[in-house]
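# Structure at a glance
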Amino acid sequence: MILGHLWRFLCIALLSAQLTTATAAMPLLSDYNHKAWSVLDGAPVDVMKFAQTSDGWLWMATPAGLWRYDGVRFERVDSVYGHPLKSNILIGLAATADGALLVGYQLGGVSVFRKGYTRTFSEADGLPGGIVFHLEPAPDGSVWIGARGGLARLLPAGDRIERLGGDVGLPKKGVFQILLAGDGTQWIATMESIYYRRPGETAFHQAWPRTLLYAMAEAPDGAIWACDPRRNYYRVQTTRPAHPGLPAPAFRGRGLRFDRDGVMWVLQNEGLERRLDLGPSSPAQRLTPQNGLSGTTPGAIFQDREGNLWLGTATGVDRLRPNRLKPVTPELQLEGPAILPGPDGSTWVGDIWNGLRSVDGNGVSRHIASGQIGATHWSADGVFWYAWNNQLLRRAADGTVTAFPLPEGFQNRLAHAIQSTRDGAVWVSFHGGGLFRMNKGVWTRDGGLAGLPREMTSSMTTDTQGAIWMAHADNSITLLSENEQGGPTLRRLDGGNGLGAGIVMQLYRDGNDIWVGGERGVFLYRDGRFQQLRGRNEETFRGVSGIVRLPDGELWLNGADGIYRVGAGALAAWRQDGRAAVDFERFDALDGLRGHAQQIPSNPSLLRTRDGHLWFTTDYTVAQIDPSHVRRNPLPPPVYLRSVEAGDQRFQVDDVRQLELPKGSKQFSVSFTALSLSIPERVRFRYRLLGLDDRWEEPHGRREAYYTNLPPGNYRFEVIAANEDGVWNTQGAALDIRIPPTFVQTPWFIVLLALGALLLVWGAYLLRVRVITRRMRDTFLTRMAERSRIARALHDTLLQSVQGLILSFQMYANKYAPGSQDRVRLEKTLEMAEQLLVDGRDQIMDLRAASSPDDLGPGLAQFGQWLAEHGRHTFSVQVRGTPVRLRPDVHEEVYAIAREALYNASRYSEAKNIRLELAYSPRQFSLSVRDDGRGLDDHTLNAGQRPGHWGLVGMRERAGCIAAKLAIVSRPAQGTEVSLVLQARNAYEPAQAAAR
């Protein structure tokens, strides 16, 4: 590799000597994406060592502590995998292939950290004392340890220290570095000199030059380089040189590293230097604070597993990543560059200040001519047309160049587009709206055609039928074709045909299709309509002035927001369904692109060269990429959960798989990360919370997930990630989260709440009953007062009047002789009147008192017997069951109904026999009055009463008041039966009903 770089350098030097106008340089900042972090960015300073563990974390050892980096932020840690550090003053640092991190302390001792395990070795375990300078993992699983007190080895089992010293030919003290070469040779840098031991040997041998050397590095050719304290680098020899004294140094430096591509990186006091060979170095190969380095005095350089170079300086940390886009002619300051295929197979680059240059595939540029180039065009017959220094040049296939002056009034105008015709003429568009056709040196405005737009024509091409397409700055395209008679025909395409590009910047023929690039997007014309290309996340591909479709079907675009690559599969799917959004890849400043595509350039801003590479222009640069060998990152990023925040509490969950949040937590946030260090800005995440929603969510730029209004329960948070090239880690990371319920969220609280509700209902019921009771009592007292008033009125009027009538009739009865028939009749009538008086008095007593009446049976039997004595019928009573005291209100209504039935039967039925039946059963109470009289007529049965009589109506009303069933059955000449039935719960006193 060194010889290859040297040969390349010599070739370039020879070419520079022969062609003073040819240059080729490879500036560091053009080939690499550089990013610097300082203390203001949270980065550590004075990094002594870098290491990357197999889980993806980048670790940094400093004299002030241990740091780690995930691609987004630097974090100082006091523990590793949950195990505390012995000290925060560190020097040595290394990571083993099996995932261990080893830390060497300035005050002596080495700690080994693994997930779930840690151990610290000290002098008591056989470790050399003093500062631990270096830790070097070996392929056999052991770890070499260089310390002030000497050399030791942690054996592969990881439980024992083996100390090496004088018995193997090494000094006892002062080991700075261990280097295990690719051929198996072990190199040890000590305070005295460098020692080596080849495979199979037991003792070490002293190498040359024999002086204090350190900062060893192995070159791709196997050479070992080391420097002395004066920053002189020497090649270390295993054989005695012809002149044993100190040779002349090969180059200067204070540290050295060869990356995986064999590139030499040298640490200098003032910064970093990339060397292509051992000769004089170009200033363009140096990175210093003046051109962006975080600081001076770099102390450590490291290459991570993704190929990034990391540098620790006195005041910060730097990262160098190879760009995907390679600069072309980076040694030139360009303005408005144009790229075009040259006639000799090279690519021509022209701009305002540097004229026209030819650039080959190695980036070597050669000056062709001074001047300013405008639009260019290659015709189908091999003729090359180009605007140059206020004239139009025609270069024939044999190399003959013919110059044509520009049309009158447009000598100082920039030519925007050129298109040849089949008859050898050309159309030329000038800045400001001038469109001309030139044939044999004669210029004709608009080609003599009427109807061409006055707007500037920004791009031209032809289709497979030979029609000329002219794009304009007013979102329109003119098609110029021949009609059947061979005459010109103009057709206008615009928004009515689906075009919405705004200012059209490029027309690109793709087989039978025409692509249109403009300020508002990209469109494809086919079947008479324009179809807009849209990407995911509402990408519109705006400001596209360069379009190329590769033979494999990929579509490349150069636009205002970067360079786009649309895969062949995605493009084919979109052509089938124009509504679908295509997946795409964007290349921008993170890939080495500077600026954006030129808007309305005189030549397309994207060109495919003969070697298959793609060349892009921006306002100030030219870059290229090989689409078949784009630098990719094949490593899926490890995904980790960092912390969970709930309320004002923060939980570290680096190595936790289950977490229980405080009771009553309704919201929490989860912080996560993915260890992709190359382009962390493009890392994509997807996460979901099982138990809430099974769908994946994809945040944009965030590394946190937020959830609110969560009920208690068990959840599982899952997150996956993809690197900048879409390589997904589908395993990701997961955390089981439990939110325990508070007491008010438990079923017991719901039960208590239900009981409380029932108690409230019961309390409301009792309150309602109390109110109703009070209201009933008030109503009862009001009624009692009314009853007392009525009773007084009846006593003072009706009863006293009846008593007076009885006395009057008694005086008349006394005038008849005792035993006479008339006196007997009068006395019986007086007895009935006295009974009526007694009944009336009893009713008055019922009105005045609320006491319950006596048993029902005897009272009704006495009344029926009295009716029989004054009538012509017999009366009988039958009682079934054990008589039970009825409720007072029921007793009163039943008694009144029975009296009415007995009275009606005695007076109106003309019966010979009347029978009263009372039945007391546990389920019901029933009463019936039967007679064998003439019965009721049909009119009375249908009407429910006799005209002018209200006895039957009153019986039904009374039965309704006590929820009783009253039935009246009558048949002519066969008698009448009145029956009354009450349920036991409505008839009896509660205590009596319970007893039954």
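Residues numbered from 1 in each chain as written. Predicted model: local features only at pLDDT ≥ 70, side-chain atom pairs only at ≥ 80, totals over all residues. Heavy atoms only, no water.

### Some thoughts on the overall build of the chain
- A count of helical and extended segments in the chain gives 11 helices and 72 strands.
- For the chain, the C-alpha radius of gyration of 57 Å lies well beyond 30 Å, the compact-globule estimate for 996 residues.
- The principal-axis extent of the C-alpha atoms belonging to the chain is close to 185 × 105 × 45 Å.
- Put simply, 52% of the contacts in the chain that link residues at least 6 apart link residues at least 24 apart.
- Summed over its atoms, the accessible surface of the chain is roughly 48500 Å², and 52% of this surface lies on carbon and sulfur atoms.
- Once the 111 positive and 103 negative side-chain charges of the chain are each reduced to a mean point, those two points are 3 Å apart. (Helix = DSSP H or I, 4+ residues; strand = E, 2+ residues; numbered from the N terminus. Rg over C-alpha atoms; globule rule 2.2 N^0.38 Å. Contact = heavy atoms within 4.5 Å. Areas by Shrake-Rupley, 256 points an atom, 1.4 Å probe, with all protein chains shown as cover. Lys, Arg positive; Asp, Glu negative; His and termini not counted. Charge placed at Lys NZ, Arg CZ, Asp CG, Glu CD.)

### Thoughts on the nonpolar core
- Within the largest apolar cluster, 34 residues are counted, with the highest numbers of intra-cluster contacts made by Leu 856, Val 894, Phe 925, Leu 927 and Leu 982.
- Elements with a contribution of two residues or more to this core: α6 (856-869), α7 (888-908), β69 (913-920), β70 (924-931), α9 (951-961), β72 (975-983) and α10 (984-987).
- When residues in this core are grouped by element, the largest group, 7 residues, is from α7.
- Those residues in contact with Leu 856 that sit more than four places away from it in its chain are Leu 886, His 891, Val 894, Tyr 895, Leu 918, Tyr 920, Phe 925 and Leu 927.
- One finds Leu 550, Phe 587, Leu 614 and Ala 623 within the second-largest nonpolar core, a separate group that totals 29 residues. (Core = buried A, V, L, I, M, F, W, Y, C linked by side-chain atoms within 4.5 Å. Buried < 20%, exposed > 50% of the residue type's maximum accessible area, 1.4 Å probe, protein only.)

### With respect to the packing of α7 against α9
- In the contact formed by α7 and α9, the axes pass within 9 Å of each other and the chain directions differ by 155°. The pairing of α7 with α9 is recorded here as roughly antiparallel in orientation. The two elements α7 and α9 cross, and the hand of that crossing is left-handed. Across from Glu 893, Ala 896, Ile 897, Glu 900, Ala 901 and Asn 904 in α7, the residues of α9 making contact are Gly 951, Leu 952, Met 955, Arg 958 and Ala 959.
- Residues that form the contact of α7 with α9 fall into these classes: 6 nonpolar, 2 polar and 3 charged. (Axes fitted to C-alpha atoms, helices over the stretch in contact; angles between N-to-C directions. Parallel < 35°, antiparallel > 145°, perpendicular 65-115°, else oblique. Left-handed = near helix turned anticlockwise from the far one by under 90°. Nonpolar A, V, L, I, M, F, W, Y, C, P; charged D, E, K, R; others polar.)

### Here we look at the sheet that holds strand β43 (residues 442-445)
- The strand order β40-β41-β42-β43 describes an open sheet built from 4 strands, whose pairing is antiparallel. With partners counted over all chains shown, the strands left at the sheet margins are β40 (415-420) and β43, one partner each. With strand direction ignored, the average angle separating the axes of adjacent strands in the sheet is 25°.
- In the sheet, strand β41 (residues 426-430) pairs with strand β42 (residues 434-439) via 5 bridges, with the strands oriented antiparallel. Residue pairing for β42: Phe 430 is matched across the bridge by Gly 434. (Pairing = 2+ DSSP bridges.)

### With respect to α7
- Taking 1.5 Å per residue, 21 residues should reach 30 Å; α7 reaches 30 Å between its end C-alpha atoms and fits that length.
- Backbone geometry just downstream of α7 places Glu 910 in the positive-phi region, at approximately 55°. (Expected span 1.5 Å × (residues − 1).)

### Let's talk about the packing of aromatic side chains
- Across all of its chains, the model carries 39 aromatic pairs by this definition.
- Taking 6.4 Å as the distance between ring centres and 80° as the angle between the ring planes, the aromatic pair formed by Tyr 707 and Phe 717 counts as edge-to-face. Here Phe 717 lies in strand β66 (residues 713-722) and Tyr 707 lies in strand β65 (residues 704-707), a separation of 10 residues in the sequence. With respect to class, Tyr 707 is no different from Phe 717; both count as buried.
- Here the aromatic residues Phe 668, Phe 672, Phe 685, Tyr 687, Tyr 707 and Phe 717 are joined through ring pairs into a cluster of three or more.
- Across from the ring centre of Trp 144, 5.8 Å away, lies the NZ or CZ of Arg 153, which sits over that ring.
- Of note, Arg 899 hangs over the ring of Phe 863, and the distance from its end group to the ring centre comes to 4.2 Å. (Phe/Tyr/Trp six-rings, centres within 6.5 Å; stacked < 30°, edge-to-face > 60°. Lys NZ or Arg CZ within 6 Å of the ring centre and 35° of its normal.)

### Focus on the environment of Thr 940
- Following the sequence through the fold, Thr 940 ends up in helix α8 (residues 938-943).
- A sequence separation of 12 residues divides Thr 940 from Leu 952, and the C-alpha atoms of the two residues are 9.6 Å apart.

### Quick notes on the pattern of salt bridges
- Tallied over the entire structure, the rule returns 47 salt bridges.
- Where Glu 660 meets Arg 738, a salt bridge forms, and the shortest distance between an N and an O atom there is 3.1 Å. Taken together, the positions of Glu 660 in strand β61 (residues 658-660) and Arg 738 in strand β67 (residues 728-739) put the pair 78 residues apart, joining distant regions of the chain.
- Residue classification places Glu 660 among the partly exposed positions, given a relative accessible area of 49%. (Salt bridge = Lys/Arg side-chain N within 4 Å of Asp/Glu carboxyl O.)

### Remarks on the pairing of β43
- As defined by bridge partners, β42 adjoins β43 across 4 bridges and the pair is classed as antiparallel. In the sheet register, Phe 436 faces β43, and the bridge partner there is Arg 445.
- Connecting β42 to the antiparallel partner β43 that follows it, the hairpin turn spans 2 residues, and Lys 440 within it adopts a positive phi of roughly 55°.

### Points about the pairing of strand β2 (residues 49-52)
- By the bridge criterion, 4 bridges tie β2 to strand β3 (residues 58-62) in an arrangement that is antiparallel. Among the inter-strand pairings, Gln 52 is bridged to a residue of β3, identified as Leu 58.
- Connecting the antiparallel pair β2 and β3 is a turn made up of 5 residues, with Gly 56 showing a positive phi of about 100°.

### Re the environment of Gly 374
- Structurally, Gly 374 is set in strand β36 (residues 373-378).
- Spatially, the C-alpha atoms of Gly 374 and Gly 316 are 47 Å apart, while their sequence positions differ by 58 residues.
- Once residues lying within four places of it in the same chain are set aside, the contact partners of Gly 374 are Ala 387, Leu 414, Ala 415, Ser 602 and Asn 603.

### Overview of the side chain of Asn 232
- Within the secondary structure, Asn 232 sits in strand β22 (residues 232-236).
- Among the residues examined, Asn 232 registers a relative accessible area of 11% and is labelled buried.
- Contact partners of Asn 232, with chain neighbours within four places excluded, come to Ala 226, Cys 227, Pro 249, Phe 251, Arg 252 and Gly 253.

### Digging into the sheet that holds strand β24 (residues 255-258)
- The sheet built from 4 strands is open, its strands ordered β24-β25-β26-β27 with antiparallel pairing. If you trace the sheet from one side to the other, it starts and ends with β24 and β27 (286-287), each paired once.
- Here strand β26 (residues 271-275) runs beside β27; their pairing, made up of 2 bridges, is antiparallel. Paired with Glu 273 across the bridge in β27 is Arg 286.

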